[in-house]
Amino acid sequence: MKTTATTLLLTLCVATGDAFAPPHHTQQTRGISFSLLSPMVAVDDLRQDVSPLIAGEAAAADVPTHIESMSVLNDWESNSNSVDEPPKLGTIIKMLPAETWEVDTATSLGYFALDMLAVTLSMGFLDVVVTSDIYRTLPWFEQALAVMPLQVLTGFAMWCTWCIGHDAGHGTVSKSKKHGKAINRTVGEVTHSMVCLTPFIPWALSHRKHHLNHNHLERDFSHQWYIREDRPDFHPLLELAHNTRMAFLPFLYFVYLVTGVPDGGHVFFYGRMWEGESLKDRLDGALSVMISFATAGTLWYNMGTSDFAVVCLGPWMVMAFWLFMVTYLQHHSEDGKLYTDDTFTFERGAFETVDRTYGKWVDRMSHHMMDGHVAHHLFFTKIPHYRLETATKALREGMEERGQGHLYKRIDTPHYSQEIVNQFYNNWFFVNESQIVRK
């Protein structure tokens, strides 16, 4: 009965997809012009809203000063005559429909509630199975076969919930002036710190710095880039890491969180992500860590080691695999480019990210994390997940109209599990010297 309920719930997630999305405007135009505002007034409003995304937020994050020279600050809408130079943010804004920028708190919380229900039911049913008398009498290999499908299902539900917390980290669950910060913080702590055992504030810190430095050879966060031609000079430990890469693939997210490779620790605060951060910020991050430890400790104490490993850690490993797979494939492609201080601009980096389609229903249940990634990187604090599909379609059309469709990267990836294994085995974290754009 509970299996049926869980299946029906996840089917509902798939079938409804954007059911929580508020209705679109009855009057729409391509671009940002509203029915009661002239196009220029609307663009000016968004200019004021989006510029802090680059300037103010960068300063708040203590991001290196090269961010201040981003092209968007110097020239909001001007463009190079070259079709190979990405358009500025002000130009891209005009490509997108008006509803792109609407963050509806009720819609966001609806998705949050649905995903939390999916996690609760799937993990709850897994716990019922594991604690049943029938399960206890089975040989270990039959126990493993019995729970693995449920662990995969629960882990995927946790991944979908993680995507909601991702919105919270960018402040796009709610933009309410009165309660927005509290709502985003609460949703982030519940989805990340508790459900996904990922301390929310430390993750949000490193992730914001990743967005401000996407595809920069040295300053990017969440990714480490090694030039393939430099391999003969690798340190022995780095060579060992490469040689054992496939053995560590399932554990890389854990390594990232705890050991601090390559950004700095998300559990123990050290490394470059914490450089320049205040004591207040560190204490704020410590609260998220304590919530994660308290959640894990409470479950472990009440369930016992064996049941905790099967019911919680097994699905967590599935969630972590989804997270690493999606993140890696979004930022690795055969024709991808990396930039240096002399060649980097925010727009160039954003257009080197990749939209991937894993299948209609997987994309929808994952809240368009995979197939709306380019638009997300362009306006990462402005577009909620339920607007990404429409924004991405408009972006593609706008780029085609400008004769720049070739700059937008989209790869169909239906066999995503095979793709991550093949890509990671063949390329690891390597980038060819020819892919680096130098002055």
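Look above for the structure.
Residues numbered from 1 in each chain as written. Predicted model: local features only at pLDDT ≥ 70, side-chain atom pairs only at ≥ 80, totals over all residues. Heavy atoms only, no water.

Caption draft 1: Seen up close, unusual backbone geometry. Pro262 follows Val261 through a cis peptide bond whose omega is 5°. Its identity is not glycine, yet Trp428 carries a phi of approximately 50°, on the positive side. Looking at where Trp428 falls in the secondary structure, it is placed in the loop between helix 20 (416-427) and strand 5 (430-431). (Helix = DSSP H or I, 4+ residues; strand = E, 2+ residues; numbered from the N terminus.)

Caption draft 2: Structural view of helix 9 (residues 180-195). Its 16 residues place the ends of helix 9 21 Å apart at the C-alpha level, agreeing with the 22 Å of an ideal helix rising 1.5 Å per residue. At Glu189, helix 9 is deflected by roughly 30°, the largest bend along its length. Turning to helix 9, its buried residues number three or more, namely Gly180, Ile183, Asn184, Val187, Gly188, Glu189, Thr191, His192, Ser193 and Val195. Its buried side turned inward, helix 9 meets helix 6 (105-130), helix 8 (140-169), helix 10 (200-212) and helix 14 (279-303). (Expected span 1.5 Å × (residues − 1). Bend = angle between axes of the 7 residues up to and from the residue. Buried < 20%, exposed > 50% of the residue type's maximum accessible area, 1.4 Å probe, protein only. Contact = heavy atoms within 4.5 Å.)

Caption draft 3: Molecular detail of the packing of aromatic side chains. A complete count under the given rule lists 26 aromatic pairs for this structure. For the ring pair Tyr111 and Tyr386, a centre distance of 6.0 Å and an interplane angle of 10° mean the geometry is stacked. In this pair, Tyr111 sits in helix 6 while Tyr386 sits in the loop between helix 18 (373-378) and helix 19 (388-401), placing the two residues 275 residues apart along the sequence. Residue class for Tyr111 comes out buried when judged on its relative accessible area of 4%. Consider the rings of Trp322 and Tyr416, whose centres lie 5.2 Å apart with planes at 45°: the pair is tilted. Remark: Tyr416 occurs in helix 20 and Trp322 occurs in helix 15 (residues 305-330); sequence separation between them is 94 residues. In this structure Tyr416 comes out as buried when scored by relative accessible area, which is 18%. (Phe/Tyr/Trp six-rings, centres within 6.5 Å; stacked < 30°, edge-to-face > 60°.)

Caption draft 4: Highlighting empty space enclosed by the protein. Counted by the stated rule, this structure contains three cavities of 30 Å³ or more. Reported here for the second largest cavity is a volume of approximately 60 Å³. Lining the second largest cavity are His166, Asp167, His367, His368, Met369, His376, Ile383, His385 and Leu388. When the residues that make up the lining of the second largest cavity are grouped by side-chain class, the tally is three nonpolar, five polar and one charged. (1 Å grid on protein atoms, 1.4 Å probe; cavity = no way out; pocket = protein on both sides within 12 Å on 5 of 7 lines; lining within 4 Å. Points joined across faces, edges and corners; volume = space filled by probe spheres on them. Nonpolar A, V, L, I, M, F, W, Y, C, P; charged D, E, K, R; others polar.)

Caption draft 5: Quick peek at the layout of surface pockets. Taken as a whole, the second largest pocket encloses approximately 690 Å³ of empty space. Looking at the second largest pocket, it is lined by 37 residues, and the ones nearest its centre are Leu252, Tyr256, Val261, Phe324 and Phe429. Among the secondary structure elements, those contributing two or more residues to the lining of the second largest pocket are helix 8, helix 10, helix 11 (236-243), helix 12 (245-248), helix 13 (252-259), helix 15 and helix 18. The leading source of residues in the lining of the second largest pocket is helix 15, at six residues. Class assignment for the residues of the lining of the second largest pocket results in 21 nonpolar, 15 polar and one charged.

Caption draft 6: Expanded view of the environment of Asp371. Within the fold, Asp371 resides in the loop between helix 17 (360-365) and helix 18. Assessed through its relative accessible area of 11%, Asp371 is described here as buried. Linking Asp371 and Tyr358, residues 13 residues apart in sequence, is a C-alpha distance of 8.0 Å. Apart from the residues within four sequence positions on either side, Asp371 is in contact with Asp355, Arg356, Thr357, Asp363, Thr392, Tyr408 and Arg410.

Caption draft 7: Representation of the pattern of salt bridges. For the structure shown, the criterion picks out 13 salt bridges. The salt bridge partner of Asp263 is Arg272, with a shortest N-O separation of 3.3 Å. Of the residues examined, Arg272 reaches a relative accessible area of 24% and is grouped as partly exposed. Across the pair Glu419 and Arg356 runs a salt bridge, and its minimum N-O distance is 3.9 Å. With Glu419 in helix 20 and Arg356 in strand 3 (residues 355-357), the pair connects residues that are 63 residues apart, well separated along the chain. Arg356 gets classed as buried once you look at its relative accessible area, which sits at 2%. Each of Arg185, Glu189 and Asp284 takes part in salt bridges that share partners, so that together they form one network. (Salt bridge = Lys/Arg side-chain N within 4 Å of Asp/Glu carboxyl O.)

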